[in-house]
Amino acid sequence: MTWREQLAFAPLDTGERSEEIARRLRHAIELGVLEDGFQLPSESDLASRMGVSTITLRAGLAQLRHSGLLETRRGHGGGSFVRANPEHFTEAQRAALATYSLDDLRDIREYRAFLAGSAAAAAAERRQLVPLQRLASLGEAIRGARKPTDLARADSRFHMEVAAAARSVRLTREEMAMQAEVGVLIWAHSQIESAPSSAADEHAAIVAAIDDRDARLARVLAEDHVRAEMNRLIDLRISKGMGQTAAAVDNVATQHAIANIQVFAANLGKTATAAIQMIEDAALSALGDSESGRSERLQGVYAVARESLIQAFPDICALGFITDPSVFGEAEVIGCSAPSGVESVQRLTMDWTDYDFATAPWWPTDRAEKGVVQATGAFVDASGSNEYIVTFSKGVWRDDRMVGVASADVLVKQLQEDFEPLLLSLPAGACILDQNGVVIATNAGSLFGATLATPSQQDGQFVLPGVPWQLCFEDPHALLKETPPLSPQLAR
């Protein structure tokens, strides 16, 4: 199987999705992996390679024929052939990049780094079984490549060979799937002339660490290499694929941008507080003067939560009231979420049996000030929405007893989208930090999702009103202290 076929026809994670087949092959055609006139394997062979049924494959290929990207020829020498127009590649590449949110790319970056690092470390531990000369040769091949597809081919083959050297079929397949998804996209958009030589040097350093049996160093080098690649793509996505960069230093423009960021932060805090107040008022009204409530009396809170969420969307993505089990005997969630717009508002339902609300990041602690809205640091809500979020919450009290918690969720990817145009008016490297030093919005791919040492209040660092966050744009790279948080893909 050729390199192009390995990428385009790698097994799918989703076994029965014709849309995923069409998307994968469309990207391969539009990004130049499968060239004009290329003949696809037979339907039975291709279905087997991609791990889907023949019926599902045919449905996916039909979508491509309808789009004019495939044609079928009958008779001797017939089959399915690619129809590609190289003049449309640049536009197609930008369109392909635009389908990924920044949060998607951050997640892919961390998942790819985990895969590459694990493969390199395992290869170092199995040094005696690794074909070092082949690895070194594949790693050097990128230095002389110039076309995007040749650059992608050289980089992908090196990483797939490292994964194969780890002697794990599953790890190799996962690496192939990642290369198929974004490998060509990374190099299609690479505008840095020195990038191929830098990649070759980084490949050589990884091979040297494997040769020295230094698993820790091999892991670190592989992770750094992959993150650097993905950061270039994130930078381009931040600029909307048009090469827009952060502003040069201009005192007037900088002060204007800071003021706009402060206003937006204050308004977001007000929006969350107002939504939570409506939930609190509805819950207390439903309970009336009774000393202990029954959860059935709170069902009317849902209508208030729904209306409040519609008003606060997209700033708020989920809103609700959670009963305190010490009052109601069990914790119950009465609320709603809007996963993809106000038209999709739905009741929050799941099996809460094993969910320990009292230890959730947003549950008020003994140290929480009574009657005050708190905000968590950014976290992956692995037992709820499975999203990267910040939660605003407030204990709902009647006399001296907390009867529940009103909460509002904000997506980190929405924060990036909202702050991004304002941050682009600041020098490169500007970012918004939560109270734990996690970057929740930035104009630099290398900082997206990273954790920084919390800076002190000084020039270039501003506490934002209404939220426990800071604006930082005075060399935040100097504050870098950790790798970004664990990918939600890995958390699942």
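Residues numbered from 1 in each chain as written. Predicted model: local features only at pLDDT ≥ 70, side-chain atom pairs only at ≥ 80, totals over all residues. Heavy atoms only, no water.

## Observations regarding the packing of helix 6 (residues 102-125) against helix 8 (residues 148-165)
Condition: Axes here mean lines fitted to C-alpha atoms, for a helix over just the part in contact, with angles spanning 0 to 180 degrees between N-to-C directions. By definition, any uninterrupted DSSP run of H or I lasting at least four residues is a helix, any uninterrupted run of E lasting at least two residues is a strand, and each is numbered from the N terminus. An angle below 35 degrees is treated as roughly parallel, one above 145 as roughly antiparallel, one from 65 to 115 as roughly perpendicular, and anything else as oblique. Handedness of each helix crossing follows the sense of rotation of the near helix against the far helix: counterclockwise by less than a right angle gives left-handed, clockwise gives right-handed. The contact definition used throughout considers only heavy atoms, calling two residues in contact when any of these lie within 4.5 Å. Each residue gets one label: Ala, Val, Leu, Ile, Met, Phe, Trp, Tyr, Cys and Pro are nonpolar, Asp, Glu, Lys and Arg are charged, and the others, such as Gly, are polar.
Interhelical geometry of helix 6 versus helix 8 gives an angle of 50° and a closest axis separation of 7 Å. Taken together, the axes of helix 6 and helix 8 lie oblique to each other. For the element pair helix 6 and helix 8, the recorded crossing hand is left-handed. Seen from helix 6, the contacting residues are Arg-112, Ala-116, Ala-119, Ala-120 and Ala-123; seen from helix 8, they are His-159, Val-162, Ala-163 and Ala-165. Along the lines of polarity and charge, the residues of the contact of helix 6 with helix 8 split into seven nonpolar, one polar and one charged.

## As for the sheet that holds strand 13 (residues 461-463)
Formally: Whether two strands pair depends on DSSP finding at least two bridges between them.
Spatial ordering of the open sheet is given by 11-10-14-13, a layout of four strands whose pairing is antiparallel. The sheet is open, and its two edges are formed by strand 11 (439-442) and strand 13, each paired on a single side. Averaged over all pairs of adjacent strands, the angle between strand axes in this sheet comes to 20°, irrespective of strand direction. Where strand 13 and strand 14 (residues 470-472) come together, three bridges link them in antiparallel fashion. Bridging across to strand 14, Gln-461 finds its partner in Cys-472. Contacting strand 10 (431-433), strand 13 and strand 14, helix 12 (residues 251-287) runs over the sheet at an angle of about 25° to strand 13.

## Points about the pairing of strand 11
Summarising the sheet, strand 10 and strand 11 pair through three bridges and their orientation is antiparallel. Note on strand 11: the bridge partner recorded for Cys-431 is Thr-442. The hairpin turn running from strand 10 into strand 11, its antiparallel successor, is five residues long, and Gly-437 in that turn takes a positive phi close to 85°.

## Section: the packing of helix 6 against helix 10 (residues 195-211)
Where helix 6 meets helix 10, the closest approach of the two axes is 7 Å, and the angle between their N-to-C directions is 35°. Residues Ala-120, Ala-123 and Ala-124 of helix 6 form the contact with helix 10, whose own contacting residues are Ile-206, Ala-209 and Ile-210. Of the residues belonging to the contact of helix 6 with helix 10, the class tally is six nonpolar, no polar and no charged.

## Focus on the side chain of Ser-118
Applicable threshold: Relative accessibility under 20% of the residue-type maximum defines a buried residue, over 50% an exposed one, and the middle range a partly exposed one, all with a 1.4 Å probe and only protein chains included. Under the rule applied, a polar contact is a pair of N or O atoms within 3.5 Å (in protein, one hydrogen donor and one hydrogen acceptor; residues adjacent in sequence only if both atoms are side-chain atoms).
With respect to the helices, strands and loops of the structure, Ser-118 is situated in helix 6. With relative accessibility at 15%, the residue Ser-118 sits in the buried group. A polar contact is formed between the side chain of Ser-118 and the side chain of Arg-219, at a distance of 3.4 Å. Dropping the residues within four chain positions of it, Ser-118 is found in contact with Leu-171 and Arg-219.

## Describing the pairing of strand 9 (residues 401-411)
Most of strand 9 is tucked away: 10 of the 11 residues are buried. With six bridges joining them, strand 3 (residues 318-323) and strand 9 adopt antiparallel strand pairing. Paired with Ile-322 across the two strands is Val-405, which belongs to strand 9. As paired elements, strand 8 (residues 388-398) and strand 9 share 10 bridges and run antiparallel to each other. Looking at the pairing, Val-396 lines up with Gly-404 of strand 9. The hairpin turn running from strand 8 into strand 9, its antiparallel successor, is two residues long, and Asp-399 in that turn takes a positive phi close to 60°.

## Comments concerning the pattern of salt bridges
Definition in use: The rule for a salt bridge is simple: a side-chain nitrogen of Lys or Arg has to be within 4 Å of a carboxyl oxygen of Asp or Glu.
Evaluated as defined, the whole model comprises 15 salt bridges. Two residues, Glu-71 and Arg-73, come together in a salt bridge whose shortest N-O distance is 2.9 Å. Arg-106 serves as the salt-bridge partner of Asp-103, at 3.3 Å between the closest nitrogen and oxygen. Of this pair, Asp-103 and Arg-106 both sit in helix 6, three residues apart, roughly one helical turn. As far as burial versus exposure is concerned, Asp-103 and Arg-106 are alike and both buried. In the salt-bridge network here, residues are joined through shared partners; they are Arg-109, Glu-110, Glu-223 and Arg-227.

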